[in-house]
Amino acid sequence: MTDFESHDYDVVVVGAGGSGLRAAIAAHEAGARTAIVCKSLLGKAHTVMAEGGIAAAMGNVWPEDNWQVHFRDTMRGGKMLNNWRMAQLHAQEAPSRVWELEEWGALFDRTKEGKISQRDFGGHRYARLAHVGDRTGLEMIRTLQQRAVDLGIDVFMECTITRLLGESGSGGRGDRVSGAFAYWRETGSFITFRAPAIILATGGIGRSFTVTSNSWEYSGDGHAMALWAGASLLNMEFVQFHPTGMVWPPSVKGLLITESVRGEGGVLRNSDGKRFMFDYIPEFFKAETADNEAEADAWYDDHKNNRRPPELLPRDEVARAINSEIKAGRGSPHGGVFLDIATRRSAEDIKRRLPSMYHQFKELGDVDITKDPMEVAPTCHYVMGGIEVDADTEAATVSGLYAVGEVSGGMHGSNRLGGNSLSDLLVFGKRAGESAAGYVAALPSRPAVAAADVQAAADEALAPFANPGAENPYAVMKDLQEHMQSLVGIIRKGDELEIALKEIERLKERARNVSVKGSGRSYNPGWHTALDLRAMLTVSECIARAALTRTESRGGHTRDDYPATDPEWGKVNLVITERRGVLQVDRKPLPQMPDDLKALFEETH
Amino acid sequence: MGHQQSMRVWRGDASGGDFRSYSVPVEEGEVVLDAIHRLQAEQAPDLAVRWNCKAGKCGSCSAEINGKPALMCMTRLSTFEPTETVTVTPMRAFPVIRDLVTDVTFNYEKAREVPAFAPPHSNADGSFRMQQVDVERGQEFRKCIECFLCQNTCHVIRDHEENKPAFAGPRFFIRYAELDMHPLDTLDRRRMAQEDEGLGYCNITKCCSEVCPEGIHITDNGIIPLKERVVDTKYDPVFISLGIGRRKQRRLVGPGGGSGPSPIKRPGQGQSSLRSAASAGPASGATATPTFAPAPPRAPTAVDKVASTASSAASKVGTAANAESMKTAMPAIGAAVGVGFLAWAIRKTRKK
Ligand SMILES: Cc1cc2nc3c(=O)[nH]c(=O)nc-3n(C[C@H](O)[C@H](O)[C@H](O)COP(=O)(O)OP(=O)(O)OC[C@H]3O[C@@H](n4cnc5c(N)ncnc54)[C@H](O)[C@@H]3O)c2cc1C
Ligand code: SF4
Ligand code: SF4
Ligand code: FES
């Protein structure tokens, strides 16, 4: 019955992006027998696509920078909903984590003194992002991958985890996790991992939207599996729409244009040629934002005597502004606005500092960005919501389960600042790996895998083959994406969210009738898509439900029917749990920030 | 602006297969990968293909398009005549898993053989200093997205499975070059590249550089300088006086180090005999003792640096063992692909 290929480990890390690799390295170094499992080949996770940089207050360019300033920027960017302790640890530990990458072979761009260079990004007071041109994520993932391989950590690639396993046949619910169930993409055969600690590092959920910078991997597997195993999800309503995605040609719609374009001097204009961001400076950021072009332009060279350009406001603000301009009929020919770097920097500078953007537009859009403006519009990019974890250990609410990276919640509040993800992966990856190893070392007994859980997981995975139904998994997925895009997108309304929830119910029914055609279990993407649908539907429902509950606008959650930010809502997180397929949304007070940190927000800047 | 695109896609697996013809509606601006995705969604749900970023950043979607090794996500359909049939086949140098997906384990095994960056001291305080001009040379090679198109194209292994154990391929020559050019690396990697990794097999045809989607000058900036430095080493009196000529077992840098059981797991390699879960009892990690078997890697010292340059033919044992687990190249894709590639290669040579 359940005699599938099986492996024993102390710690199994699900995901080989920046957070998973860093966690695995830490767990291994702490003495745990560790395995990494990932859906794609090693080195292909989302982290590879990150462009702009890693935020860390090293003070290489602006000696005034320090962790307190970074902490403050992060909290304000997240509209104060961030878990303060995570934001603090993140700001304090990010520099060491970046230096460590250098020790493992990363080659960052340099300052004149030979230190790691740092660039400007939205919401960061000082130039703070360590970078390598605009391919920072590639540098980071390759460095960590090479480190992990050098340490000899076991890697199971193209191997997809579908369920967490528990001790008593309830999939981890109410007891400790004891392992995880997976299939090999190559053969379709099953594997059980027996491990007392599982670290979820599975990334985000962006595949549930039509216009997205995310890939097929972002079906929210980690979010959903944690929920099914009894863990709680935090603030799932907060989804970041990056202001600048490509809009033309249709095949690249949603593809990311890095914020570095604006960090390097690029500006946004509408069809009248106007730099419209000056019309959208919110009260909250007025004091620190330039209100005229002369000051904004002077800021690039002199941060001290000038305020920052409004193009570098946090992403939620810029995305909403672009959305409004397009709605008001001042958009570009293909339904975006213009992002102009050509008139602002020399062709050589653009090619040197933004090589992959140059390449991307040239190859895919027939646009030479050294000569012409880009057309841009918001694209689904990142989920702030995620698995609820303890700030210091990244432990989820189920024993033995850990979460790190984009799949975890709390760190970024209602809106993430650019560059704060890559640093998040490193800081909390290390912490998660160490605490998971510590947890296993301290266990009096190892949890046994419940055979019933394994059997249930196997049955579930094979169900689409036996299904007499006629639904095409790709068609169900496409309909889900379209509903999420139009009803749960960047601007939301109560009645539309209600419709979305009804549609999701209908899609769940259709998903039960999905059948898989074709040549069996070996590398069959139709089957993989059918299985991915379960998680996509679960996270989509979480997002819609939380969005309906939070009757205010804040960060990555904008309600047309509740446009104001409500101080009362600023005191609570929304926590989602699941029982027998039914979601429950609860309000939970935010953890209280200690006074010494509170004082950082009283200074006027 | 759209049109019906006629496509020929190789469908099959390790046991064989052949071309299937399709007609698929495509839109302006689309790339080959879009057409493949539409086929998947509407006509061939089980068509196997790898992809992630759709923007030439991850190196997943490598294939041969009308014989030319290329990324599917970066090949615009507008580069062909609307009436032209676009033929897509899997990379030829690697064993087919299914349809357009190949088993690229070879490359991950080769990656293990490269000893890691060995810095002179810790950087816990951020004390490393390097100048931009000095890092730029290495940065060019670190642009590599590991699409393995160069590996697929290199004639040394493309149709010569027997060369694989001894030849790391262009992707890994530039990895050696990168580390060799790293301002702070303390290992000498020239002999390793030459003797363990088969740099000598390369006769500088530059086919690898032609196909690199990142435009890395693999041959001119990587392989040729590395070859020159290898020659320098051979006649370097310092090395001779250190007795480097003696053949020694290659030293392992890290438990990976290119030998021993591979940490890159493949289907079915797990424990076949099931240990009962219940009998697992107290965790092996219940005490503070590490449960990981191989000794933790030693920080390489200057002595290692010298020792590791002295390698021998015997050190190939590890790689040969790896090769055994590698499947043989896929003859099943058949002559058709070979002809397409040949045509592309000839066109390319004529251009020169
Ligand atoms: C185009 C783009 C540009 C970006 N630029 C920046 C930037 O400049 N700075 C910044 O800070 N952030 C940036 N981000 C965000 C950042 O890159 C991501 O948030 C981050 O890389 C996520 O890392 P991760 O480790 O959480 O997950 P990922 O890197 O996405 O890795 C997830 C891993 O989990 C695996 N996985 C998922 N599900 C399963 C499963 N069921 N079974 C097994 N394995 C599974 C996947 O295979 C993958 O290996 C960018 C994001 C995008 C898309
Ligand atoms: S230049 Fe060398 S490595 Fe490149 S394809 Fe030719 S023989 Fe192979
Ligand atoms: S060197 Fe170029 S062709 Fe070779 S794997 Fe890297 S990116 Fe691909
Ligand atoms: S899909 Fe990433 S390179 Fe083509």
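Residues numbered from 1 in each chain as written. Chains lettered and ligands numbered in written order. Predicted model: local features only at pLDDT ≥ 70, side-chain atom pairs only at ≥ 80, totals over all residues. Heavy atoms only, no water.

## Quick notes on the interface of chain A and chain B
- Opposite the 92 residues of chain A that make contact, chain B presents 87 residues.
- Where chain A abuts chain B, roughly 7300 Å² becomes buried across the two surfaces, and 53% of that area is made up of carbon and sulfur atoms.
- For chain A, the biggest contributors to the area lost against chain B are Lys44, Glu103 and Leu107 of chain A; these three give 9% of the whole.
- Taken together, the links from chain A to chain B amount to seven salt bridges.
- Asp154 of chain A serves as the salt-bridge partner of Lys265 of chain B, at 3.9 Å between the closest nitrogen and oxygen. (Contact = heavy atoms within 4.5 Å. Buried area = accessible area lost by both parts, 1.4 Å probe. Salt bridge = Lys/Arg side-chain N within 4 Å of Asp/Glu carboxyl O.)

## A short note on the site of ligand 2
Residues and elements named next belong to chain B.
- Within the structure, ligand 2 sits among Cys154, His155, Pro170, Cys202, Asn203, Ile204, Thr205, Lys206, Cys207, Cys208, Thr219 and Ile223.
- Among the secondary structure elements, those contributing two or more residues to the shell around ligand 2 are helix H8 (207–211) and helix H9 (218–234).
- Classifying every residue of the shell around ligand 2 gives seven nonpolar, four polar and one charged. (Near = heavy atom within 4 Å. Helix = DSSP H or I, 4+ residues; strand = E, 2+ residues; numbered from the N terminus. Nonpolar A, V, L, I, M, F, W, Y, C, P; charged D, E, K, R; others polar.)

## Some thoughts on the domain arrangement of chain B
Residues and elements named next belong to chain B.
- Along its sequence, chain B is organised into domain 1 (3–101) and domain 2 (104–261 + 286–294).
- Contact residues are listed per partner, giving 15 residues for domain 1 and 17 residues for domain 2.
- Both sides of the domain 1 and domain 2 interface together cover about 1300 Å² of buried area, and 57% of this is carbon and sulfur.
- Ranking the residues of domain 1 by area buried against domain 2 places Pro69, Ala93 and Phe94 at the top, with a combined share of 40%.
- Summed over the shared surface of domain 1 and domain 2, the number is two salt bridges.
- The tally of links from domain 1 across to domain 2 stands at seven residue pairs in polar contact (both at pLDDT 80 or more).
- Sorting the residues of the side of domain 1 that touches domain 2 by element identifies strand E3 (62–65) and strand E4 (68–71) as the ones contributing at least two each.
- In the side of domain 1 that touches domain 2, the residues fall into eight nonpolar, three polar and four charged. (Domains from an automatic or database assignment. Polar contact = N/O pair within 3.5 Å; in protein donor to acceptor, adjacent residues only side chain to side chain.)

## Digging into the site of ligand 3
- Around ligand 3, the neighbouring residues are Cys144, Ile145, Glu146, Cys147, Phe148, Cys150, Arg171, Ile174, Cys212, Pro213 and Ile218 of chain B.
- Looking at the shell around ligand 3, its residues break down into nine nonpolar, no polar and two charged.

## Some points on the nonpolar core
- Of all hydrophobic cores here, the largest spans 247 residues; its most connected members are Phe193, Ile198, Leu200 and Leu401 of chain A together with Ile36 and Met72 of chain B.
- Broken down by element, this core gets its largest block of residues, 14 residues, from helix H15 (residues 525–549) of chain A.
- Setting aside residues up to four positions removed in sequence, Phe193 of chain A forms contacts with His7, Tyr9, Val12, Val37, Phe156, Cys159, Ile161, Leu165, Ser178, Gly179, Ala180 and Ala182 of chain A.
- Formed by eight residues, the second largest nonpolar core is a distinct cluster that contains Phe71, Met75, Ala87 and Leu600 of chain A. (Core = buried A, V, L, I, M, F, W, Y, C linked by side-chain atoms within 4.5 Å. Buried < 20%, exposed > 50% of the residue type's maximum accessible area, 1.4 Å probe, protein only.)

## Here we look at the environment of Lys110 of chain B
Residue and element names in this part refer to chain B.
- Mapped onto the elements, Lys110 comes out in helix H2 (residues 105–113).
- The class of Lys110 is buried, set by a relative accessible area of 3%.
- Lys110 sits 87 residues away from Glu197 along the chain, and the two C-alpha atoms are 8.6 Å apart.
- Within the structure, the side chain of Lys110 is placed 2.9 Å from the backbone oxygen of Pro165, a separation counted as a polar contact.

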